[in-house]
Amino acid sequence: MFHDNDRSRRDLPRHFGVLLAAVACAVAAIDLLRWAIDPVGAQESTASLRPFIAATTLVCGGAVALFGLRAGYARLALALAGLGTSLAVIGIVITVMTGDIAPKLVDLVSAGRPEHIDVNVSLLLAIACLSVFISARRPFGPWSAHVVAAAAGLILGIGTMNFLAYVVQSQFLLAAILPLAVRLDSAVVLILIAAALFAHAIGDVTRGPIVGRVSAAVAVAAVLILLETYLAEATGRLAIDLVASDHAAAVALLDAAQAARIGLLVVLFAVMVGSVVIITSTVARPIKALEGALAAFMQQHREFRAPVIQDDEIGELSIGFNKLAAENAALQHGLERRVEERTVQLAAVNQELESFAYAVSHDLRAPLRAVEGFTRAIVSDPATTLSEASRRDFGRVQAAATRMGQLIDDLLVLSRITRQDLRRERVDLSAIAHEVVADLRTLEPARAVEVRIQDGVFANGDERLIRVLLTNLLGNAWKFTRRTPDASIDVDSDIREGQLSYSVRDNGAGFDQARVDKLFVPFQRLHSMREFEGNGIGLATVQRVLQRHGGRIAATGTVGHGAMFTFTLPVARPQ
Amino acid sequence: MNSKKCILLVEDNPDDEELTVRALDRNLIANEVVVAHDGEEALDFVFGRGAWAGRDPADLPALILLDLNLPKLDGLGVLRQIRADERTRRAPVVILTSSREQQDLVRGYDLGANSYVRKPIEFDEFVEAVRQLGVYWLVLNEMPVAVVTA
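How each quantity is defined
- Residues numbered from 1 in each chain as written.
- Chains lettered and ligands numbered in written order.
- Predicted model: local features only at pLDDT ≥ 70, side-chain atom pairs only at ≥ 80, totals over all residues.
- Helix = DSSP H or I, 4+ residues; strand = E, 2+ residues; numbered from the N terminus.
- Buried ≥ 20, exposed ≤ 12 C-beta atoms within 10 Å, placed from the backbone.
- Contact = placed C-beta atoms within 7 Å.
- Nonpolar A, V, L, I, M, F, W, Y, C, P; charged D, E, K, R; others polar.
- Pairing = 2+ DSSP bridges.
- Right-handed = clockwise from strand over helix to strand, strands pointing away.
- Axes fitted to C-alpha atoms, helices over the stretch in contact; angles between N-to-C directions.
- Left-handed = near helix turned anticlockwise from the far one by under 90°.
- pLDDT = per-residue confidence, 0-100.
- Arc of directions from axis to C-beta.
- Core = buried A, V, L, I, M, F, W, Y, C linked by C-beta atoms within 7 Å.
- Expected span 1.5 Å × (residues − 1).
- Parallel < 35°, antiparallel > 145°, perpendicular 65-115°, else oblique.

Participant: So what exactly am I meant to see when it comes to the overall build of chain B here?
Facilitator: A count of helical and extended segments in chain B gives five helices and five strands. If you list the helices and strands of chain B from N to C, you get β-α-β-α-β-α-β-α-β-α. Here chain B holds 150 residues, and 35% of them are scored as buried. Sequence-distant contacts, at least 24 apart, represent 67% of the contacts inside chain B between residues at least 6 apart.

Participant: Just to check I follow, could you spell out the overall build of chain A for this structure?
Facilitator: Looking only at helices and strands, chain A has 17 helices and seven strands in total. Per-residue burial for chain A yields a buried fraction of 35% across its 575 residues.

Participant: Hey, could you run me through the interface of chain B and chain A in this one?
Facilitator: A common way to state how big an interface is: give the accessible area lost once the parts meet. Taken together, the contacts link 16 residues of chain B with 15 residues of chain A. Elements with a minimum of two residues in the side of chain B that touches chain A: helix H1 (14-26) and helix H5 (123-140) of chain B. For the side of chain B that touches chain A, the leading source of residues is H1 of chain B, giving four residues. Its residues assigned to classes, the side of chain B that touches chain A shows four nonpolar, four polar and eight charged.

Participant: Mind showing me how you'd approach the environment of Asn69 of chain B here?
Facilitator: In this fold, Asn69 of chain B is placed in the loop between strand E3 (63-66) and helix H3 (75-84). With 59 residues separating them along the chain, Asn69 of chain B and Val10 of chain B place their C-alpha atoms 9.9 Å apart. Ignoring any residue separated from it by four or fewer positions in sequence, one finds Asn69 of chain B in contact with His362 of chain A together with Asp74 of chain B.

Participant: Even after reading the chapter, I still don't get the pairing of strand E2 (residues 33-36) of chain B, so can you show me in this structure?
Facilitator: Every other side chain in a regular strand lies on the same face of the sheet, so the side chains alternate between the two faces. Residue and element names in this part refer to chain B. The pairing of strand E1 (residues 7-10) with E2 spans four bridges and is classified as parallel. Across the sheet, the residue bridging to Leu9 is Val35, located in E2. Handedness of the E1-H1-E2 crossover: right-handed.

Participant: It is not clear to me how the sheet that holds E1 of chain B should be interpreted in this structure. Could you clarify?
Facilitator: Two strands in a sheet stick together by hydrogen bonds in their backbones, pointing the same way (parallel) or opposite ways (antiparallel). All names here are of chain B. Strand order in the open sheet made by the five strands is E2-E1-E3-E4-E5, with parallel pairing throughout. For this open sheet the edge positions go to E2 and strand E5 (115-118), each flanked by a neighbour on one side alone. Going across the sheet, the axis of each strand differs from the next one's by a mean of 20 degrees, ignoring polarity. For strand E4 (residues 93-97) and E5, the ladder comprises four bridges, and the chain directions are parallel. By the bridge assignment, Ile95 is partnered in E5 with Tyr116.

Participant: What should I look at first to understand the environment of Ala21 of chain A in this one?
Facilitator: Residue and element names in this part refer to chain A. On the secondary structure map, Ala21 appears in helix H2 (residues 12-37). It is 5.6 Å that separates the C-alpha atoms of Ala21 and Ala196, two residues lying 175 residues apart in sequence. Ignoring anything within four residues of it in the chain, the contact list for Ala21 reads Gly61, Val64, Ala65, Gly68, Ile193 and Ala196.

Participant: What is the right way to look at the sheet that holds strand E2 (residues 450-453) of chain A in this model?
Facilitator: Residues and elements named next belong to chain A. Reading across from one edge, E2-E4-E5-E7-E6 is the order of the five strands in this open sheet, with mixed pairing throughout. Edge positions in the open sheet fall to E2 and strand E6 (553-557), since each of these has one partner strand only. In this sheet, adjacent strand axes meet at a mean angle of 15 degrees when their direction is disregarded. For E6 and strand E7 (residues 563-570), the ladder comprises five bridges, and the chain directions are antiparallel. Within E7, the position partnered with Thr556 by the bridge is Met564. Strand contacts of helix H16 (residues 463-480): strand E4 (488-496), strand E5 (499-506) and E7, with the helix running at about 20 degrees to E5, the strand carrying the most contacts.

Participant: Hey, could you run me through the packing of H16 of chain A against helix H17 (residues 538-549) of chain A in this one?
Facilitator: A pair of packed helices is captured by two measures, namely the crossing angle of their axes and the spacing between those axes. Residues and elements named next belong to chain A. Two elements in contact, H16 and H17, have axes separated by 9 Å at closest approach and are oriented at 145 degrees. For the pair H16 and H17, the sense of crossing is left-handed. Only Gly538, Leu539, Thr541, Val542, Val545 and Arg548 of H17 make contact with H16, whose side of the interface consists of Leu465, Val468, Leu469, Asn472, Leu473, Gly475 and Asn476. Partitioned by chemical class, the residues of the contact of H16 with H17 number seven nonpolar, five polar and one charged.

Participant: What is the right way to look at the confidence of the model for chain A in this model?
Facilitator: Any segment with low pLDDT has predicted coordinates that should not be analysed in fine detail. All names here are of chain A. Considering every residue of chain A, the mean pLDDT works out to 81; 88% of them sit at 70 or more. Taken element by element, the predicted model of chain A shows its lowest mean pLDDT in helix H1 (residues 7-10) (52) and its highest in helix H15 (residues 429-443) (92). Every residue in residues 1-6 is under pLDDT 50, and counting partners more than four places away or in other chains gives five contacts.

Participant: What is the right way to look at H3 of chain B in this model?
Facilitator: Quick reminder: α-helices carry 3.6 residues per turn. Residues three or four places apart thus point the same way. All names here are of chain B. Taken residue by residue, H3 has Gly75, Val78, Leu79 and Ile82 as its buried positions. Down the axis, H3 shows its buried residues gathered within 100 degrees of arc, on one side only. Buried residues along H3 sit in contact with E1, helix H2 (39-47), E3 and E4.

Participant: Is there a simple way to think about the confidence of the model for chain B in this case?
Facilitator: Confidence in the prediction for chain B averages 86 pLDDT; 93% of positions are at 70 or higher. Taken together, the chains of this predicted complex give a pTM of 0.51 and an interface ipTM of 0.77.

Participant: What's the story with the nonpolar core in this structure? I'm lost.
Facilitator: All names here are of chain A. Formed by 67 residues in total, the largest nonpolar core has its most connected members in Ala63, Val64, Ala128, Ile155, Ile193 and Leu197. Ranked by the residues each element gives to this core, the list is headed by helix H10 (residues 184-206), at 16 residues. Counting 46 residues, the second largest nonpolar core, distinct from the first, contains Val427, Leu474, Ala477 and Leu546.

Participant: Help me out: how do you make sense of helix H5 (residues 74-98) of chain A in this one?
Facilitator: The terminal C-alpha atoms of H5 of chain A, which comprises 25 residues, lie 36 Å apart, in line with the 36 Å expected from a rise of 1.5 Å per residue. Listed in full, the buried residues belonging to H5 of chain A are Ala77, Leu80, Ala81, Gly84, Thr85, Leu87, Ala88, Gly91 and Thr95 of chain A.

Participant: Honestly, the packing of helix H13 (residues 313-380) of chain A against H1 of chain B in this entry has me stumped. Any pointers?
Facilitator: Axis separation between H13 of chain A and H1 of chain B bottoms out at 9 Å; the angle between their running directions is 45 degrees. What the angle tells us is that H13 of chain A and H1 of chain B run oblique. The two elements H13 of chain A and H1 of chain B cross, and the hand of that crossing is left-handed. Across the interface between the two elements, Ala366, Arg369, Ala370, Gly373 and Ala377 of chain A of H13 of chain A pack against Asp15, Asp16, Leu19 and Arg22 of chain B of H1 of chain B. When grouped by side-chain class, the residues that make up the contact of H13 of chain A with H1 of chain B number four nonpolar, one polar and four charged.

Now the structure itself:
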């Protein structure tokens, strides 16, 4: 996937499969040769395939081997597989027509080569050829691999069971495989062909050198075990045949066989140790390295990359991981850059807003002063004669200019709340509330309003902004209770889910709950100017202060029965 | 006691200039009012240069009413130069401006302004503010006798 030169290494299991199929072919070819040269000897040998079966095996093994070579040999493999299937079917027909095909236990126990059970081996060879025939017709994919693997599994299972039954000579096992019995020599070639098919399927489905190496090690071990067992069995029988005629030769044969078997076992042991070493170095170590890289990457070492130790599955995984890490780092970098850009843009916008507010503060007020001042000059000049109506009109001009000045000031407060930095500290809400009410009383000493403020309430926030907030809420309560006979204002608090909930309740004019949404929108007023003065910026300012603190505000009211504003602020940390 | 000394009004807006002069008149403040229309002009007067060549800088105005938004050189620049000069550093300077921006207040005081007054929109309030300024700076407040440096 990442390296094309991996291809040859990936194909290791398949090449091994080709080798196994070639061995099966060689066995079949030798047997055929024996039949041609020495038919009597071949007839008597326990380890010799009958001519027809040998021919079918040769064709089938060839098909499997060519199938493993793949490119360029597909047509030939297809042809051979077709031929093998036909031969096997003919073999079945001949066997069925010539005799009794029901295997008998005694045949298996005595000689291990009953002729009439050739129908089973023919059937299995036909299955092998068919699987190749089906798979070789299309590009090799998972589906074909499964067909081949299924056929190989079936053949391998039956072949191995037969082989074991002959070797162990267990009555029970022999009885169990009786319907599926094949001759011992047939079982060996079937195992070889099935293993070859398996190797092809594995090589193509998993496509990885590690799987290849592991399968090869297991296959080598399996072949060594088979060889060792076969050697023991074959030499044992041969020695039994020999012992009557030539005792010394039989003993020598057994000794030689034992030496060979010990050699095979030593090789088997070496293969197993080698497998462990290979798995440790090619699997465990790279996985450990990858783990380390992942851990480093998770700990914010964004530049860390996994070492690519080998061109195998783990190497691919490491390369994939590195790609992902690089992408992640690039993404992170991109995000950081964007945040930086946005911050710069935001700072520019803020700067602009700052200049704008400054200009408003300076330049918008000057003309208003002229309007108000010169109107006043006209009205108060003793030399001017004005009708009462004109005098009233000039009064309106002056009032309008003053109102607009107030509007500008309030808007500036609103914008300053958004612009200025938030300084979080422990704020004494009760003290501020008392101060605000004291100011209100100073402005309108004639009013009798009963104000109850809960003491000792602290919040975490910016004192300047919270003062603006309470000035607005208490100012509203003060204003809207102006026409209430027994005016009262209650300020209470509560702590819920780590948030301070603070409420200002009055029994004044109230508002229509259905229109609560309009309450916090700048310039939206729910009362006429004639009833209660104001410009509709106060509650918008309150909401802005709370937004900056991460707090919320809710309002409930009834027309003529007062209003209650409840807001939340972070609780102050204990001192 | 400062009756002979003049008041320097630094103001570029003719409306505001007129209103300030009227407010001073309303309060019967008789000191001569000199108007500078930009920062350079104000410094020319204070340091006796340009159109005011020959005026003695040690003869401090009784009060300098200084706007912040000025052409050529802004009010804070004027204030900085007045405070930097040994002869004029004790001149009483009241910033009289539209702005109530914190940054202006802070910088004004940092540079040594004596007061900071925001011009109200209502003329009556403005007259009252000017009256109080006059009472305080021209009557109550004592200034050191001009120190003539070598």
